[in-house]
Structure formats: structure tokens, C-alpha cells
Amino acid sequence: MHVNFQSINYTADVKLVEFTQKRIEKISQFYNQIVDVYVYTKVKNSSDNINKFAELKIGIPGDDVIVKKTAKTFEEAINSAADSAERVLKRQKEKQRLLG
């Protein structure tokens, strides 16, 4: 599994990239056929504090899973997106088990 991290309109520090890498590796425990993961982070222009945006694009055979989340910090957004992705991948795995 290959993780691609991209920060848009800002420079991400090493801690955020490492946090993302570790969090994404946990997803592979739930679905072992992940080919690659693209993580896009950016700061949205808004007046409130909830302006950190994270998008996960998880490449699996046959389809891509895309999860988008916004939070106060990038860590919260990435964690929330990863939790949602885990639920989606678990459902995907169950469908595969039932079908074949």
C-alpha cells in the first residue's frame, strides 16, 4: 500500500505527515486489498474555526472509496475520515464475503 500526502495552499509539517501515515496504516487491518491511498488536506476559507479539510481517496480493486471530512484540526479531520473509511471498507468486505 502506498500513501500519497498532498497539502494544498499550505506547507504541512513532518508530524502531520507521520500522523497521517500511521493512521492510514491502521485502515489496512480492515481491508487487505488496498492498492494506494491519496490524502488531500487544505485550509478552507471560512469565518468559523472548522476550516481544516481532509479527503481520503482509497484505491481498491474494482472501485475507489472517497471520504471527505472537515474539522478544527487536520488531525481530527484525518482521524474522522479514516474512521468513516474503515466503516465503508468493512461493509465492502462483507459484501465480497456474501457474494463470493
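Residues numbered from 1 in each chain as written. Predicted model: local features only at pLDDT ≥ 70, side-chain atom pairs only at ≥ 80, totals over all residues. Heavy atoms only, no water.

To continue, consider the overall build of the chain. Helices and strands together make up the secondary structure of the chain, namely two helices and four strands. Listing each helix as α and each strand as β along the chain from the N terminus yields β-α-β-β-β-α. For the chain, whose C-alpha radius of gyration is 14 Å, the value lies close to the compact-globule estimate of 13 Å for 100 residues. Sorting the 100 residues of the chain into buried and exposed places 33% on the buried side. In the chain, 52% of the contacts between residues at least 6 apart in sequence involve partners at least 24 apart. Element-wise, carbon and sulfur atoms account for 46% of the exposed surface of the chain, whose accessible area totals about 6300 Å². The average position of the 17 basic charges and that of the 13 acidic charges among the side chains of the chain differ by 4 Å. (Helix = DSSP H or I, 4+ residues; strand = E, 2+ residues; numbered from the N terminus. Rg over C-alpha atoms; globule rule 2.2 N^0.38 Å. Buried < 20%, exposed > 50% of the residue type's maximum accessible area, 1.4 Å probe, protein only. Contact = heavy atoms within 4.5 Å. Areas by Shrake-Rupley, 256 points an atom, 1.4 Å probe, with all protein chains shown as cover. Lys, Arg positive; Asp, Glu negative; His and termini not counted. Charge placed at Lys NZ, Arg CZ, Asp CG, Glu CD.)

This paragraph deals with the nonpolar core. Counting 16 residues, the largest nonpolar core has Ile-27, Ile-34, Leu-56, Ile-58 and Leu-89 as its most contacted members. Elements with a contribution of two residues or more to this core: helix H1 (14-27), strand S2 (36-43), strand S3 (52-60), strand S4 (63-71) and helix H2 (74-99). With four residues, the single largest contributor to this core is H2. Once residues within four sequence positions are removed from consideration, Ile-34 is found in contact with Met-1, Ile-27, Ser-28, Ile-58, Gly-59, Ile-60 and Leu-89. (Core = buried A, V, L, I, M, F, W, Y, C linked by side-chain atoms within 4.5 Å.)

Here we take up the packing of aromatic side chains. If you walk through the whole model with that rule in mind, you get two aromatic pairs. Aromatic pair Tyr-38 and Tyr-40: ring centres 6.4 Å apart, planes at 10 degrees, arrangement stacked. Classification of Tyr-40 by relative accessible area gives partly exposed; the value is 23%. (Phe/Tyr/Trp six-rings, centres within 6.5 Å; stacked < 30°, edge-to-face > 60°.)

Moving on: the pattern of salt bridges. For side chains of opposite charge, pairing can occur when their charged atoms come near one another. Under the counting rule described, the total for this entry stands at three salt bridges. Notably, a salt bridge pairs Arg-23 with Asp-83, separated by 2.3 Å at the nearest N-O pair. Taken together, the residues span a long stretch of sequence, with Arg-23 in helix H1 and Asp-83 in helix H2 at a distance of 60 residues. Note on Arg-23: relative accessible area 8%, which makes it buried. (Salt bridge = Lys/Arg side-chain N within 4 Å of Asp/Glu carboxyl O.)

Across nine bridges, the pairing between S3 and S4 is antiparallel. For Ala-54, the partnering residue across the bridge sits in S4 and is Lys-69. The hairpin turn running from S3 into S4, its antiparallel successor, is two residues long, and Gly-62 in that turn takes a positive phi close to 95 degrees. (Pairing = 2+ DSSP bridges.)

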